[in-house]
Amino acid sequence: MPIDKFITIKSPCVPIAVENVDTDQIIPARFLKATERKGFGDNLFRDWRYDNENKPIEDFPLNNSNYSGRILVSGRNFGSGSSREHAAWAIYDYGFRVVVSSFFADIFKNNALNNGLLPVQVTEVFLKELFVEIEKNSKTEVEVDLENQTIEIISTKRKESFQITPYKKECLLKGYDDIDYLISIKDKIENFEKNRKV
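Every residue gets a number counted from 1 within its own chain, in the order that chain's sequence is written. Two thresholds apply to this predicted model, a pLDDT of at least 70 for residue-level local features and 80 or more for giving and counting side-chain atom pairs, whereas whole-chain, interface and lining totals are computed over all residues. Values shown for side chains rest on all heavy atoms present in the structure; no hydrogens or waters enter the calculation.

**Student:** Got a minute to help me understand the overall build of the protein chain in this structure?
**Tutor:** A helix here means a DSSP run of H or I that spans at least four residues, while a strand means a run of E at least two residues long, and both kinds are numbered starting from the N terminus. When helices and strands are counted, the protein chain shows 8 helices and 7 strands. Taking all 198 residues of the protein chain together, the buried fraction comes to 45%. Every residue pair with non-hydrogen atoms within 4.5 Å of one another is taken to be in contact. Across the protein chain, the fraction of contacts at a sequence separation of at least 24, relative to all contacts at a separation of at least 6, is 65%. The Shrake-Rupley method, run with a 1.4 Å probe, gives the accessible areas here. Residue values count only the displayed protein chains as cover. On the protein chain, roughly 10900 Å² of surface is accessible, and the fraction owed to carbon and sulfur atoms is 48%. Type-normalised accessible area, obtained with a 1.4 Å probe on protein chains alone, sets the label of each residue: buried when under 20%, exposed when over 50%, and partly exposed for intermediate values.

This is the structure:
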């Protein structure tokens with residue numbers, strides 16, 4: 001499945017104010033049989049979205065019509081647990097392009113970046129303020145500018161910078177996975193091979 005080029009995103013947010021969200025909560029193990037990235041969004045947070053009779057739990061944010069947007073905001077230590085890449089697939093397939101937290105598990109962070117999903121790590125203070133603003137107004141917008149590596153709460157003008165490796169930044173901006181990137185520098189690779197001394 002191709003990855004969309006990442007452009008500056010200005011969007012309301014979907015808040016999940018829970019710490020230590022692990023990958024089994026993001027996408028339960030029983031939904032991992034597929035090998036393609038399509039369709040996983042249907043089961044994102046499945047056990048939190050639906051009750052035992054498969055009915056939507058109304059007050060869960062993904063089922064609450066007050067919340068929408070392309071930015072998922074969660075508590076500290078998002079993506080812990082097993083190293084399933086399907087967690088990033090499910091979040092991306094659902095329609096999110098950014099996850100905001102004050103800390104990400106390393107494996108989840110790498111899986112996200114490899115699949116077109118931008119993990120934006122902010123300070124605890126910024127995260128708390130963001131949750132407060134969303135609670136006051138569910139339509140609160142956030143702007144994520146990857147080129148300048150900034151995130152801003154529009155209503156308060158509160159802005160922070162975030163970190164990302166230059167390589168992954170370029171891949172997201174151009175919609176590349178690792179293979180796409182190698183193809184893009186094919187001429188440089190061939191030139192290097194031609195001129196290197198054996």
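**Student:** Where do I start with the packing of aromatic side chains in this structure?
**Tutor:** Here a ring pair, both rings aromatic, is described through the centre-centre distance and the interplanar angle of the planes. Aromatic pairing here means that ring centres of Phe, Tyr or Trp (its six-membered ring) are within 6.5 Å. Orientation follows from the plane angle: under 30 degrees is stacked, over 60 is edge-to-face, and everything else is tilted. Per the counting criterion, the structure on display carries 8 aromatic pairs. Judged by centre distance (6.3 Å) and plane angle (80 degrees), the ring pair of Phe-78 and Phe-104 falls under edge-to-face. Here Phe-104 lies in the loop between strand S3 (98-101) and helix H4 (106-114) and Phe-78 lies in the loop between strand S2 (71-74) and helix H3 (86-94), a separation of 26 residues in the sequence. For the residue pair Phe-78 and Phe-104, the accessibility class agrees, reading buried in each case. Here Phe-104 and Phe-108 contribute two aromatic rings whose centre-to-centre distance is 6.2 Å and whose plane-to-plane angle is 15 degrees, an arrangement assigned as stacked. For Phe-104, a relative accessible area of 1% translates into the label buried.

**Student:** Looking at this structure, I do not really get the side chain of Arg-97. What am I missing?
**Tutor:** Relative to the helices and strands, Arg-97 is located in the loop between H3 and S3. Under the relative-accessibility criterion, Arg-97 is labelled buried at 11%. Counting of polar contacts relies on pairs of N or O atoms within 3.5 Å, with two restrictions inside protein: one atom must be capable of donating a hydrogen and the other of accepting it, and residues adjacent in sequence are counted only when both atoms are side-chain atoms. Among the polar contacts listed, one links the side chain of Arg-97 to the side chain of Asp-4, at a separation of 3.4 Å.

**Student:** Help me understand the packing of H3 against H4, please; the structure alone is not making it clear to me.
**Tutor:** When two helices pack together, their arrangement is given by the angle between the helix axes and by the axis-to-axis distance. Every axis corresponds to a line fitted to the C-alpha atoms, with the helix fit spanning only the stretch in contact, and the corresponding angles, defined between N-to-C directions, vary from 0 to 180 degrees. Put simply, H3 and H4 touch, their axes get as near as 8 Å, and they point 50 degrees apart. On the basis of the axis angle, H3 is oblique to H4. Where H3 crosses over H4, the two elements pack in a sense that is right-handed. Touching Ala-87, Ala-88 and Ile-91 of H3 are Phe-108, Asn-111 and Ala-112, all from H4. Here the contact of H3 with H4 is composed, by residue class, of 5 nonpolar, 1 polar and no charged. Each angle receives one of four descriptions, namely roughly parallel if under 35 degrees, roughly antiparallel if over 145, roughly perpendicular if within 65 to 115, and oblique otherwise. For any helix crossing, the convention is left-handed if the near helix is rotated counterclockwise from the far helix by under a right angle, and right-handed if that rotation is clockwise. Residues are grouped as follows: Ala, Val, Leu, Ile, Met, Phe, Trp, Tyr, Cys and Pro are nonpolar; Asp, Glu, Lys and Arg are charged; all remaining types, including Gly, are polar.

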